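# Examination of the molecular architecture
Listed below, chain by chain, are the residues.
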Amino acid sequence: MHRQKAFIRTLGLAAAVAFAATACGPQGAGAAPAAPSAPAGGSPSASPSKQDDKPASPSSAPSAPSSSSAPSTSAAPGAKPLMANGDESEQVRELQARLRQLKLVSTAPTAFYGSKTTAAVKTFQSQHGLPATGSVDEATWQKVQGLTKKPTDDELRPPTTNEVDAPDPRCMQGRVMCISKESRTLAWMIDGKVVSTMDVRFGSENTPTREGLFQVEWKAKEWTSTIYHTSMPYSMFFSQGQAVHYSSDFAARGYDGASHGCVNVRDKKKLSELFDQVKVGDKVVVYW
């Protein structure tokens, strides 16, 4: 209470009320990921509309057969692919794990079929005399299954840190927290060089994490959400109540949960070191 009163005196009543309406907290395991759209420009929108992140539900494409029941015939010309760019499902997670066995991708499976998966599938198709569409039809899926083994639980959800995505061009100058939604990573960069990296997760469909170019507006080593009453250690606020902060829920449940819009970090030690380095005014880039 004393901390919040001090905050109100510092920023003014109107600003504090605006912040309180957007403070973050963890959501349940059933929270759906956010829906994507065209990448944001240099400035974010004023409200957290459905403008970013992943599709709200898996693709309507028919489910693929398991490795034990896959049909022997290829899909008919013009048939809808089993998996394609923009899809999200456990079948996509399995595809990514198998592509990782083939050393066509190096990042951990995310269950979302994005640009990296599309590129890896194209490479695989080209290597094996299949039409290089970047989408998975029955012939491609059977070939992938035939050349790989069924992924283990650790392969599907590896405990290791995600590999950092290629930095957005806006991350290449100055001091910036470069946050990729595709690889689910935060890279702390100074003048184009990566200083440290960590895993992150984002908001759900109803409270998506905004994409765009921002800056750190203020910091709080200890903070409690004024709406959800959850602890938000090492908070670095960058967009109307959305912040980079440590999440014990993320540390415990991983990607089975979601935030209410904030960028959650699960490695508290790494984030505490980053918190000490980041200054108010440093850039924040959230991109797909």
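Throughout, residues of each chain are indexed from 1 in the direction in which the sequence is written. Only residues with pLDDT of at least 70 are given local features in this predicted model, and only at 80 or more are side-chain atom pairs given and counted; all residues enter the totals for whole chains, interfaces and linings. Based on all heavy atoms of the structure, the side-chain values leave hydrogens and waters out of the count.

Secondary structure elements follow DSSP: runs of H or I no shorter than four residues count as helices, runs of E no shorter than two count as strands, and numbering proceeds from the N terminus. Tracing the backbone through its elements, the reader meets Asp-153 in helix 6 (residues 153–156). C-alpha separation for the pair Asp-153 and Ala-97, spaced 56 residues apart in sequence, amounts to 9.9 Å.

Turning our attention to the nonpolar core. What we call a nonpolar core is a set of buried Ala, Val, Leu, Ile, Met, Phe, Trp, Tyr and Cys residues that are connected through their side-chain atoms within 4.5 Å. The rule is simple: take the accessible area with a 1.4 Å probe, protein chains only, and divide by the maximum for that residue type; under 20% is buried, over 50% is exposed, in between is partly exposed. Counting residues in each nonpolar core, the largest one holds 22 residues, and the members touching the most others are Met-177, Ile-179, Met-236, Val-244, Leu-271 and Leu-274. Mapped onto this core, the elements with two or more residues apiece are strand 2 (175–180), strand 3 (185–190), strand 4 (193–201), strand 7 (235–239), strand 8 (242–246), strand 10 (263–265), helix 8 (268–277) and strand 11 (283–287). In this structure Met-177 touches Leu-186, Ala-187, Trp-188, Val-216, Met-236, Val-244, Leu-274, Val-278, Lys-283, Val-284 and Val-285, once residues within four positions along its chain are discounted. Counting 13 residues, the second-largest nonpolar core is a separate cluster that includes Met-83, Val-105, Ala-120 and Val-136. Any pair of residues with heavy atoms lying within 4.5 Å of one another is described as a contacting pair.

Buried and open spaces are told apart on a 1 Å grid over the protein atoms alone, a cavity being a set of points where a 1.4 Å probe fits but cannot get out and a pocket being an open set with protein on both sides within 12 Å along at least five of seven lines. Residues with an atom within 4 Å of a point are the lining residues. Grid points are joined across faces, edges and corners, and a volume is the space filled by probe spheres set on the points. One pass over the structure, following the stated rule, counts one cavity of 30 Å³ or more. Looking at the largest cavity, its volume works out to about 130 Å³. Considering the residues around the largest cavity, the lining is formed by 13 residues, among which Gln-96, Thr-107, Thr-110, Lys-116 and Thr-117 are closest to the centre. Within the residue set of the lining of the largest cavity, elements represented by two or more residues are helix 3 (90–101) and helix 4 (115–127).

Here the focus is the state of the cysteines. Only a pair of cysteine sulfur atoms within 2.5 Å qualifies as a disulfide here. One pass over the full model with this rule turns up one disulfide. Through a disulfide, Cys-171 is tied to Cys-178; the S-S separation comes to 2.1 Å. Because the torsion about its S-S bond is 85°, the bridge between Cys-171 and Cys-178 counts as right-handed.

Moving on: the packing of aromatic side chains. Here a Phe, Tyr or Trp ring, Trp counted by its six-membered ring, pairs with any other such ring whose centre lies within 6.5 Å, and the pair is stacked when the planes are under 30 degrees apart, edge-to-face when over 60, and tilted otherwise. For the structure on display, the rule yields seven aromatic pairs. Ring centres of Trp-218 and Trp-223 lie 5.3 Å apart, and the angle between their planes is 85°; on these two criteria the pair is classed as edge-to-face. Note on accessibility: Trp-218 and Trp-223 belong to one class, buried. With a centroid separation of 6.5 Å and 80° between ring planes, the pair formed by Trp-223 and Phe-237 is classed as edge-to-face.

Quick look at the pattern of salt bridges now. The working definition used for a salt bridge is a side-chain nitrogen of Lys or Arg within 4 Å of a carboxyl oxygen of Asp or Glu. Going through the model one piece at a time under the given rule, you end up with 12 salt bridges. One salt bridge connects Glu-155 with Lys-149, and the closest N-O pair in it is separated by 3.2 Å. For Glu-155, a relative accessible area of 22% puts it in the partly exposed group. Here Arg-175 and Asp-282 are joined by a salt bridge, their closest N and O atoms 3.1 Å apart. You can see Arg-175 sitting in strand 2 and its partner Asp-282 sitting in the loop between helix 8 and strand 11, a full 107 residues away along the chain. Assessed through its relative accessible area of 26%, Arg-175 is described here as partly exposed. The network of salt bridges with shared partners includes Glu-90, Arg-93 and Arg-157.

This part takes up the environment of Leu-274. Examined against the element boundaries, Leu-274 turns out to sit in helix 8. In this structure, the C-alpha to C-alpha distance between Leu-274 and Ser-196, residues 78 residues apart in sequence, is 8.0 Å. With near-sequence residues (within four places) excluded, Leu-274 lies in contact with Met-177, Leu-186, Trp-188, Met-198 and Met-236.

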